[in-house]
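Chains, contacts and geometry: an overview
Okay, here's what each chain looks like letter by letter:
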Amino acid sequence: MADKEKRRSGLGSAGLTGDGKASRSDSDRDFLTQAGVGELLRGAVLKMVEARSDDPIGFLADHFCNLASMTDPGGAGWGGEGEQPNSGGPMGAGAQEQQHLNRALWHLRLAHHSQRSAFSNNVRVAYDLLNLSAPRTCSFDGPEAPDVPCSPTGGGGGGGVGGGVRGGLYTQTLQCLCSEGGVPASTSAPLLRRLHCQDHEAVPYDVFRHGVLTCAVFSDYIRQAQRLYAEVCCPDEGPVSRALCMAVLGTLKEALETSQGSDANNIVNANAKANSCLEVNVKAIRYLEASAKISPCKLAQAMSGAQTRGPGGNMDAKEFENAAAELFITRVKVVS
Amino acid sequence: MTNRMSRFNSTVPVDEYLADSNVMFYLSDAVTQLLEHKEEYTQFGVIRYLAEYFSSVKNSNHVLFREFNYVKATPHNRASFIRVFWRCYRQIGKSGDLLSMLEYRSLLQLLCPDFPVEMVQSASRIVLMDDAIDCLMSFSDFLYAFQLQFYYQEFLDSVLLIYQDLLAGKSPNTVIVPTSTSIEQLPSVAAEETDREQDGVDTPTLAQCVDALCDRFKHSFPPRACMRDILEQSDKVSYYSFLMSLAKHETVNQTIGVLPTKAELLIDPEMDQELDKLIAQISVSPGSNSSGSAVGGALKEVQRKASPRRNIHHRRRMEVESDGSTEETDSSEN
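The name an unreviewed UniProt entry gives chain B is Centriolar satellite-associated tubulin polyglutamylase complex regulator 1, with Sphaeramia orbicularis as the organism. Turning to chain B, the UniProt annotation filed under Subcellular location (unreviewed entry) states: "Cytoplasm, Cytoskeleton, Microtubule organizing center, Centrosome, Centriolar satellite". The UniProt entry for chain B carries the following text under Sequence similarities (unreviewed entry): "Belongs to the CSTPP1 family."

1. Remarks on the nonpolar core
Formed by 115 residues in total, the largest nonpolar core has its most connected members in F54(B), F81(B), F85(B), F115(B), F146(B) and F155(B). Ranked by size, the runner-up nonpolar core spans 57 residues in total, among them V165(A), Y221(A), L252(A) and F320(A).

2. A short note on the packing of helix 8 (residues 117–128) of chain B against helix 15 (residues 239–248) of chain B
Think of two packed helices as two axes; the pair is described by the angle between the axes and how far apart they sit. All names here are of chain B. Where helix 8 contacts helix 15, the two axes come as close as 8 Å, and the packing angle between them is 90 degrees. Comparing the axis directions of helix 8 and helix 15 gives the class roughly perpendicular. For the pair formed by helix 8 and helix 15, the contact residues are R125, I126 and V127 on the first element and Y240, L243, M244 and A247 on the second. Of the residues contributing to the contact of helix 8 with helix 15, the split by class is 6 nonpolar, no polar and 1 charged.

3. Concerning the packing of aromatic side chains
Here the structure, examined in full by the defined rule, presents 30 aromatic pairs over all chains. With a centroid separation of 5.0 Å and 85 degrees between ring planes, the pair formed by Y151(B) and Y152(B) is classed as edge-to-face. Each member of the pair Y151(B) and Y152(B) is classed as buried. Above the plane of the ring of Y17(B) lies R52(A), whose end atom (NZ or CZ) is 5.3 Å from the centre. We note R66(B) situated over the ring of Y70(B); from NZ or CZ to the ring centre the distance is 3.8 Å.

4. Focus on the environment of D229(B)
All names here are of chain B. Within the secondary structure, D229 is located in helix 14 (residues 224–231). What makes D229 partly exposed here is its relative accessible area of 39%. Spatially, the C-alpha atom of D229 lies 9.9 Å from that of H249, the residues being 20 residues apart in sequence.

5. Remarks on the confidence of the model for chain B
Residue and element names in this part refer to chain B. When pLDDT is averaged along chain B, the result is 78, and 73% of the positions lie at 70 or above. Note on residues 1–9: pLDDT is under 50 here. Beyond four places in sequence and across chains, it has 28 contacts. Counting contacts from residues 286–334, a segment whose pLDDT is below 50, to residues more than four positions away or on other chains yields 59 contacts.

6. What about the state of the cysteines?
All names here are of chain A. By the definition in use, this model includes 0 disulfides over all chains. Here C215 stays unpaired: no disulfide links it, and the sulfur of C178, its closest cysteine neighbor, is 3.7 Å away. Given a relative accessible area of 0%, C215 falls into the buried group.

7. Quick word on the side chain of S120(A)
Mapped onto the elements of the fold, S120(A) is located in helix 6 (residues 116–132). For S120(A), the side chain forms a polar contact with the side chain of R209(A), separated by 3.5 Å.

Reading the values: rules and limits
- Residues numbered from 1 in each chain as written.
- Chains lettered and ligands numbered in written order.
- Predicted model: local features only at pLDDT ≥ 70, side-chain atom pairs only at ≥ 80, totals over all residues.
- Heavy atoms only, no water.
- UniProt positions renumbered as here; feature names shortened; annotations may be inferred.
- Core = buried A, V, L, I, M, F, W, Y, C linked by side-chain atoms within 4.5 Å.
- Buried < 20%, exposed > 50% of the residue type's maximum accessible area, 1.4 Å probe, protein only.
- Axes fitted to C-alpha atoms, helices over the stretch in contact; angles between N-to-C directions.
- Helix = DSSP H or I, 4+ residues; strand = E, 2+ residues; numbered from the N terminus.
- Parallel < 35°, antiparallel > 145°, perpendicular 65-115°, else oblique.
- Contact = heavy atoms within 4.5 Å.
- Nonpolar A, V, L, I, M, F, W, Y, C, P; charged D, E, K, R; others polar.
- Phe/Tyr/Trp six-rings, centres within 6.5 Å; stacked < 30°, edge-to-face > 60°.
- Lys NZ or Arg CZ within 6 Å of the ring centre and 35° of its normal.
- pLDDT = per-residue confidence, 0-100.
- Disulfide = S-S within 2.5 Å.
- Polar contact = N/O pair within 3.5 Å; in protein donor to acceptor, adjacent residues only side chain to side chain.

Here is the structure:
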């Protein structure tokens, strides 16, 4: 509501051009109502505020470009991301599925996974969108319906009548998330094998959410690992000594183990609802301990220790990344 | 999930977030523009119009041919305009032409029809150190001075007030924030006092006052470290030599973040290629205006206008005919 008021007052005070505005204000208002401008802008601002993008203008540009490409399936070559694989002509089932996938991915990109409610909403919207592609579904009113964020029901049986997103689409979504997150396919392949569902399977919401969240966290984790290697490495001196890398990886492993405690799946379930106050406290303490373990001072200690002993030879960036990825992936439980 | 998403800022209140980003300003302008050109935009859809509007804001093309009040309304708009000015007229710098203040004014008015002459005058004063205002200036000298003057206008006006108070021997504590009416009279006052300004004022006192000004200033100002840096270099400083040093300071340039360093200002092979392509296109099919968006077409036109010099002369003739009544009132501060 506040948005609306602001917009209206902004309109009134805009007054940048011409004086005839006041007399035309009624027809202007009618025009805006008819064109649905208010709804469009409200939707955009809500999304933007929810995501708290650092670049709001860029966010709005992407948002409207995406909307334009959705409402206008024939419009190839338009800004956005070239989302119409076969422009013109009626869309085949494959093209429609591709479009649903693109829109779902776009929703998933909107908010970082640390912004929990926003991320959860977006996952839900993406899930419902992909569910539209399931051949049996017909319960949604139209392409606009799923854009209304529904709260996660948490039920294991999937939201729609369709019974769940098809396994093939689910796998494709995860692949895209990883590659967009800057993770090389070779690094993400082992993770995707663990999260894999068969193409013909109907993936329930919980599994979908788990997969998406794992991939999002994994992308972040790999980026951090890459940065860690860059820190350890001196650009002029070529690859880093194996001993040094092993020390760093050892520290990382120890930290991961601490953060998980006995529960082997906490790393991706941190987002899940905590059951009791006690559990939350225990978790928090564990995270604190873990971050202490990977603190610069601990890392420096391990590294200086490693310089005197340990295996010889070097380790390149890719090997380091793979080793770090493995630490993560072994902690992800196999789906199905 | 890119780096654009900051994880730690969700605690910023919504109002603050919206205010910091000037989003409401752009939304309201988008609606105003939509209403101004209803017929045009409804043809190709409101969503597409909004998409194009915000894409152009993002790509900094949005200030082309807009009114001055819009161009100066946000830091992003100002920076965008500086960038457009540079990109459109880079060829002038390349050919080494020296232009007068009025010629630069004409160039600016090709991009923004009601661009006020005062701003151009102030920028020229920085280049010429408030001396012989009708001298010719190189493109790069003018560009960096213009950038400083245009981007930090409000701040520089306040500094000038402080400077004049110091010159007159008033206590710096009585310095008041200028109102918009007083600003307009300043340049002439400054010109009259040229003799006294040769000496300048004590830099430690000025530095102290500038620092205090920064503490309470609500518009943007150049990085404090740069100003301190410059003011520490001599015992006495005049207003325009201070501004000249600021204009040439690379950190200031980087802070605004749209222009390259002076050494790289005229190097842009990509742009050269693009320009060659455009020229080829124009010579092949005169009058064809089919490709690209409205903004793209407009840019093309500017570049076409920019290269042959006769346009400048043409503009000059027009100025003689109209009496240059582009006096801007500075009433709406955003």
